[in-house]
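The lines below spell out each chain.
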Amino acid sequence: MTRTAPPDQGAADLPGLGPASAALLAQLGVRNLATLRARDAFELYAQLKSAAPNTSLNMLYALIGAQEGVDWRVIARERRSALLIELDTRRQLADRSRP
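The shown structure was predicted, so the numbers you read here are calculated from the model rather than taken from an experiment.

Caption draft 1: Expanded view of the side chain of Gln67. Turning to its location among the elements, Gln67 is positioned in helix 4 (residues 57–68). A polar atom in the side chain of Gln67 sits 2.8 Å from the backbone oxygen of Arg39. Gln67 has contacts with Leu36, Arg37, Arg39 and Ala41, leaving out every residue within four places of it along the chain.

Caption draft 2: Broad picture of the packing of helix 3 (residues 41–51) against helix 4. Viewed as axis vectors pointing N to C, helix 3 and helix 4 meet at an angle of 145°, and their least axial separation amounts to 9 Å. As helix 3 runs across helix 4, the sense of the crossing is right-handed. Listed contacts from helix 4 to Ala41, Phe42, Leu44, Tyr45 and Leu48 of helix 3 are Leu57, Met59, Leu60, Leu63, Ile64 and Gln67. The residue makeup of the contact of helix 3 with helix 4, split by class, is 10 nonpolar, one polar and no charged.

Cut-offs used in this document
- Residues numbered from 1 in each chain as written.
- Predicted model: local features only at pLDDT ≥ 70, side-chain atom pairs only at ≥ 80, totals over all residues.
- Heavy atoms only, no water.
- Helix = DSSP H or I, 4+ residues; strand = E, 2+ residues; numbered from the N terminus.
- Polar contact = N/O pair within 3.5 Å; in protein donor to acceptor, adjacent residues only side chain to side chain.
- Contact = heavy atoms within 4.5 Å.
- Axes fitted to C-alpha atoms, helices over the stretch in contact; angles between N-to-C directions.
- Left-handed = near helix turned anticlockwise from the far one by under 90°.
- Nonpolar A, V, L, I, M, F, W, Y, C, P; charged D, E, K, R; others polar.

Okay, here's the thing in structure tokens:
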């Protein structure tokens with residue numbers, strides 16, 4: 001199921017993102033779909049995970065789903081493996097770049 005939200009719609013109204021997620025995103029300067037789409041979902045997830053360590057992988061799926069107008073459960077079901085590989089690759093690169 002695909003749902004396209006207008007670019008100025010609030011983060012709380014995006015598919016898969018509720019008020020708590022919207023509040024966390026707002027702390028990172030993401031308050032609407034246009035801003036969310038302009039940001040890298042993996043980087044946002046890393047920032048959220050740093051700020052709130054209990055942030056689950058479902059948040060990554062929800063960020064990507066909201067950016068693409070797709071329910072997060074579809075993202076998790078159809079792309080979980082590829083997203084986990086990408087996340088692991090990015091973590092390894094970040095670890096290598098640390099002194």
